[in-house]
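# Fold and geometry: a report
For reference, the chains in residue letters:
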Amino acid sequence: MMKRIHNGSALVAWLLAASAATPLCAEVLVDLQTISPADSRSATFSDLDGTVSSSDSSLIPSGTLSASGSLIAGETFGFTISGVSDWDFDVATSAGSVNTYLSGLTSASIAGNDKGWGLASGANEGFLAAAGEALVITFNLSGLTAVPGSGFRLKGVALGRIGDTDAYNYMVIDASGDKVAASASGRTSENLFLDIALNDGDSLVIGREADDFRVAAFTVDVPAPPVSPPTDVIAIGGDARIDLSWTAPGGAVLGYEIDRSTTSGSGFSSLTNVATTSFTDLGLTNGQTYYYLVSAVYAETNVAAAEVSAQPIEPAPANSPNIIFFIVDDQVKDEVACYGGQVLTPHLDRLAAEGMRMDAAHVVANVCTPSRYSMFTGRYPGNSYWPEYLEAYPTNRHGSPEFNVGLEDDNMNVGNALRLAGYVTGHVGKLHVGAHGLSSDVFSADDDPEDPAVIAKWQARELSTRQWVLERGFSWAKHVYSGNIDDPYNKHNPDWILEAALEFIGLNQNRPFYLHYCTTMMHGGPNNWTDALDYPLYSGAGLLAEPPDVPISRSSISALVDAAGFDSDTYGFTWMDATVGAMLDKLDALGIASNTFFVFISDHGTDGKFSLLDHNGTSVPCIIRWPDVVPAGSVCSNLVQNTDMVPTFFDVAGAAVPEGYRIDGTSIAPIFSDPSTNVHEHIFFEMGYGRAVRTDKWKYTAVRHGSDRFADIEAAKLLNMPRDLAYVGNMKRVSSHLELRPDCYDLDQLYDLENDPLEMTNLAYNVAYEEQLNTMKAILTLYLEAQGRPFGEFVPGEDSVPIEQVQPYVDQLELVRPIDNDFEYVYSINGTPYWWLYEQELTNDAYEVEDLLDTDGDGLVAWEEYIVGTIPTQAGSGLTVAADVQPLGGGFVVRWPSVAGRIYTVEQSTNLLSGFQTLTNVVATPPENTCTGTVQQAGAYYRVQAEME
């Protein structure tokens, strides 16, 4: 076994005093397995040119040689073993088993050693092995500078001069016993030249069948460790300070050197050496620009990153309010006690009692990313200029904002803008606004959560996500999730997020701060919350060494809820509520509660998720508290939106909005003194291909597809068409929404929210509401024109598609119905009713109709059915192409293809699915039959059937 370990004292000495690089120091161990007799012999450790670095005259009986000395990366090192001519080597296992293992090996090409490692050994020196025995040398590379398996090469073996030319058998086997290299011919003289990659735990086995042999030395080529500069170096200015942070490069970095100048590109002088990936430069002059070079220090070289710069910033006035923005995930009003929910949320109730409850608060979109984008920026998600979004949806085409927007790299966001205004800005918890798509690591439910390698990956991801936040201009970030919780640590840990938040508040209690707090609760439903109570060590940084240090007892959560008489499914709400309470208590303890503006809001609802529906969708709980400013126990019933929060924060902080910063929301500060103040006559919503506007009473939603999406609709199979016609969502979501609200994907939707809060009755096609429809369309047009993107006929563009082209596909939704998060046919492709086949237990799939019922093999089913609809003043557009209904004066005519020898029954109903009455029986007259009659009322449906053969 050979092992190289960094000399810890040398590294400490370098960090404290030395700037010159020193050779790498190492301890080398060689496991010689069984050695007899146990006499003292010498081992000399030498580098490539033969210079003796150290010598150890004591060979301990366990069979381990040890020596230490200076190794130069990139060179070859090895052992020369001398004075051991009387040693016999025997393997740990029986000689016979090794002999068997060596037999039958195929020859391999042995590359010559062009370095000539020159570890010559004299006759009668080395380890003596008898015929049929083998020498086994196991390599322990885990302590070496480079990563094991990244370039170590076994270069050669020096054999004792035994005066013959017999071949030697050798092999390299890995730690699990699998052969990775072998030869049965080898090199016949005194040296065996090899060039074999080594991994940690590999063993070299050398043996001979016929004669005794000796092994006097071996060499291993050590790769030069990779050197590269630090990456993602950023400098963030604060009050008389600049915070530097960076991502560690690969290889054996000994530390980092920080150089500083007040002139770009020149005048740099060494500032300090550090061992971590961050540094705070204090005592600086506000307004002065400072330039920095951060270098990674290796054993032989320093590698500098690109120059970065920042300016210290004048602090905000001491009386500026602190701001805490607490964003909960997937929570609705019915899940907060002060809104009437049957849950235990005493701290949110306290927040409302000491502040203001917003009863008409909304979010702009009903999924995480676009809603959170608005809460970071104050912009509508459709105005995002995140590169991936613009690449997919250029500004001259219809946009479809959903999970594809993110915080832009010009740092026009609340964290950076308030920092520039003198605030310390921090983020903890869930992001889900761009960083969730940046990780290249693949995480799997099959990963072992206790595996150190898995933990290390998660720790690295959390650190890189922090760095991403800092790159967006925040002063501080810690305990950050890039997106939702994920396998194998798919358990909520609000305590871990809270721990970082309490730390941030404590660190900045004496200066104005902004904290963007994003819990992962209540995502995933009750099972996910309740189960997570038993996993205090699971986090966004992998498995923790110890539970978070927070004033919350997990064991008391269930006891409190049970004692209050609430369902166990509500444990999670009380747990999340406890984190709010811990923060309020922290503010009280520090004496800063009266000067802290606290906002609690949900990022979206649950029932209306993946839609623009109001109830438990865009309508969310929102509570604000600012003692002595916001009236305690007050209620606001006027419209506010999450886009309003960032401009409100700028307002209360007295922060200047950076030049070029687009804000779509409105400050709600006027409501603080008068909750009846109306800051919005109407508000705007968008997600996917849907846009909507809302007033106090009315809601209008428009669905307009661009030409690219319309091409998908045209090509879609009938069962997939609902998904493509929907403005957003997967099949599961689309099915559940259509099951509850059959009109929710109509191209135009108008709802009277005062009388229809669940949006069940679409009034857009009722002529009695035409004026109100036009009013709402005019309001929507104002928002769309301000965005400057095409959207249907509202803002025509090159990819606009007339609704007349889309409507026939919407009509086809009547041919399918939602079931179990999917869709099934109402009528088959041949008109045979799915329900009839199901009742006859003939099929669960309408595509099987022809095979089951084509008894005569003519390609036609025996039961033929065609259903079409008509309005007397309009030519019928049949729901199938096989039959049609045309107006004929005040009556109608039904046409259908017919088959000789069959009798057809014509039926009529005013309901597409039931209530058909027989009008007449018709004998087939191929190729087509017709039936004429009178229309009972507009919108009648007609069915033509043939009896079973």
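Structure: above.
These numbers were taken from a predicted model, which means no experiment stands behind them. (Residues numbered from 1 in each chain as written. Predicted model: local features only at pLDDT ≥ 70, side-chain atom pairs only at ≥ 80, totals over all residues. Heavy atoms only, no water.)

### Looking at the sheet that holds strand 25 (residues 356-358)
To be explicit about the condition: Note on pairing: DSSP must find at least two bridges between two strands before they are called paired. Strands are runs of DSSP state E lasting at least 2 residues, helices are runs of H or I lasting at least 4, and numbering of each runs from the N terminus. Every axis in this analysis is a line fitted to C-alpha atoms, fitted for helices over the stretch in contact. Angles between the N-to-C directions lie between 0 and 180 degrees. When checking whether two residues touch, look at their non-hydrogen atoms; a contact exists if any pair is within 4.5 Å.
If you trace the eight strands from one edge of the open sheet to the other, you get 28-27-29-24-32-33-25-34, paired in mixed fashion. Both edges of this open sheet fall to strand 28 (476-481) and strand 34 (634-636), since each of them pairs with a single strand only. Between one strand and the next, the sheet's axes are offset by a mean angle of 10°, whatever the strand orientation. Of the strands in this sheet, strand 24 (322-328), strand 29 (513-518), strand 32 (596-602) and strand 33 (622-625) are in contact with helix 13 (residues 645-653), which crosses strand 32 at around 180°.

### Things to note about the pattern of salt bridges
Note that side chains of opposite charge can pair when their charged atoms are close. Put simply, the rule reads: Should a side-chain nitrogen of Lys or Arg be within 4 Å of a carboxyl oxygen of Asp or Glu, the pair is scored as a salt bridge. Relative accessibility decides the category of a residue: with a 1.4 Å probe and only protein chains considered, values under 20% of the type maximum give buried, values over 50% give exposed, and everything between is partly exposed.
For the structure on display, the rule yields 29 salt bridges. With its nearest N and O atoms 2.7 Å apart, the salt bridge here joins Arg357 to Asp359. Assessed through its relative accessible area of 21%, Arg357 is described here as partly exposed. Two residues, Arg691 and Glu686, come together in a salt bridge whose shortest N-O distance is 3.5 Å. When its relative accessible area of 4% is taken as the criterion, Arg691 is described as buried. On the basis of relative accessibility, which here comes to 0%, the residue Glu686 falls in the buried class.

### Regarding the packing of aromatic side chains
The condition is simple: Only Phe, Tyr and Trp rings take part, Trp by its six-membered ring, and two of them pair if their centres are within 6.5 Å. Stacked means planes under 30 degrees apart, edge-to-face means over 60, and tilted covers everything else. Lysine NZ or arginine CZ positioned within 6 Å of the ring centre and within 35 degrees of the ring normal marks a charge as sitting over the ring.
Using the criterion set out here, one finds 29 aromatic pairs in the structure. Ring geometry for Phe504 and Phe513: centres 5.6 Å apart, planes at 85°, overall edge-to-face. Taking the relative accessible area as the measure of exposure, Phe504 reaches 0% and is therefore buried. By relative accessible area, Phe513 is classed as buried at 0%. Both rings, one in Trp626 and one in Phe672, keep their centres 6.2 Å apart while their planes meet at 80°; by these two values the pair is edge-to-face. In this pair, Trp626 is assigned in the loop between strand 33 and strand 34 and Phe672 in helix 14 (residues 669-673), connecting sequence segments 46 residues apart. This pair shows no difference in class: Trp626 is buried, exactly as Phe672 is. The rings of Phe325, Tyr514, Phe597, Trp626, Phe649 and Phe672 are connected pair by pair, giving a single aromatic cluster. Positioned above the aromatic ring of Tyr339 is the side chain of Arg357, whose terminal nitrogen or guanidinium carbon lies 5.4 Å from the ring centre. The side chain of Arg461 reaches across the aromatic face of Trp458, ending 4.4 Å from its centre.

### Notes on the environment of Ser400
Within the element layout of this structure, Ser400 appears in the loop between helix 5 (387-392) and helix 6 (414-420). For the pair formed by Ser400 and Gly688, sequence separation is 288 residues and the distance between their alpha carbons is 3.9 Å. Those residues in contact with Ser400 that lie beyond four places of it in its chain are Tyr389, Tyr393, Gly688, Tyr689 and Arg691.

### Description of the pairing of strand 33
Residues Cys622 and Ile624 of strand 33 are buried on one face, and the alternating residues Ile623 and Arg625, pointing to the opposite face, are buried as well. Note that strand 25 and strand 33 share three bridges and pair antiparallel. Following the sheet pairing, Arg357 is matched in strand 33 by Ile623. Here strand 32 pairs with strand 33 via four bridges, running antiparallel. Bridged to Phe600 within strand 33 is Ile623.

### Topic: the pairing of strand 37 (residues 690-694)
Within strand 37, five of the five residues are buried, which leaves the element mostly enclosed by the surrounding structure. Of the two faces of strand 37, both are covered, the one formed by Gly690, Ala692 and Arg694 as well as the one formed by Arg691 and Val693. Where strand 36 (residues 683-687) lies against strand 37, five bridges are found, and the strand directions are antiparallel. By the bridge assignment for strand 37, Ile683 is matched with Arg694. What sits between the antiparallel neighbours strand 36 and strand 37 is a turn of two residues, in which Gly688 has the positive phi angle 60°. Across five bridges, strand 37 lies against strand 38 (residues 698-703) in antiparallel orientation. Among the inter-strand pairings, Arg691 is bridged to a residue of strand 38, identified as Ala702. What sits between strand 37 and strand 38 in their antiparallel hairpin is a turn of three residues.

### What about the nonpolar core?
To keep it simple, the criterion reads: We call a set of buried Ala, Val, Leu, Ile, Met, Phe, Trp, Tyr and Cys residues a nonpolar core when their side-chain atoms join them within 4.5 Å.
With 108 residues, the main nonpolar core has Met358, Leu418 and Phe649 as its most contacted residues. If sequence neighbours within four positions are ignored, Phe649 has contacts with Ile323, Phe325, Val414, Leu418, Tyr514, Phe597 and Val599. In terms of nonpolar packing, the next biggest core, distinct from the first, is built from 52 residues, Ile505, Phe513, Trp529 and Met576 among them.

### Describing helix 10 (residues 554-564)
Note that an α-helix has 3.6 residues per turn; residues three or four places apart therefore point the same way. Where we set the bar: It is the directions from the helix axis to the C-beta atoms whose arc is reported.
Within helix 10, burial applies to Arg554, Ile557 and Val561. The arc that holds the buried residues of helix 10, viewed along the axis, is 30°, so those residues lie on one side. Projecting away from the buried face of helix 10 at angles above 90 degrees are the exposed residues Ser555 and Ala563. If you follow the buried residues of helix 10, they end up packed against helix 8 (494-507), helix 9 (526-532) and helix 11 (571-590). Once helix 10 ends, the next one or two residues include Gly565, with phi positive near 85°.

### What about unusual backbone geometry?
That bond from Asp487 to Pro488 is cis: its omega, 5°, falls within 30 degrees of zero. Position of Pro488 relative to the elements: it lies in the loop between strand 28 and helix 8. Cis peptide bonds are those with omega within 30 degrees of zero, and the linkage from Met521 to Met522 qualifies with 15°. Its location among the elements puts Met522 in the loop between strand 29 and helix 9. We note that Asp232 has phi near 55°; this positive angle belongs to a residue other than glycine. For Phe610, which is not glycine, the phi dihedral falls at a positive 60°.

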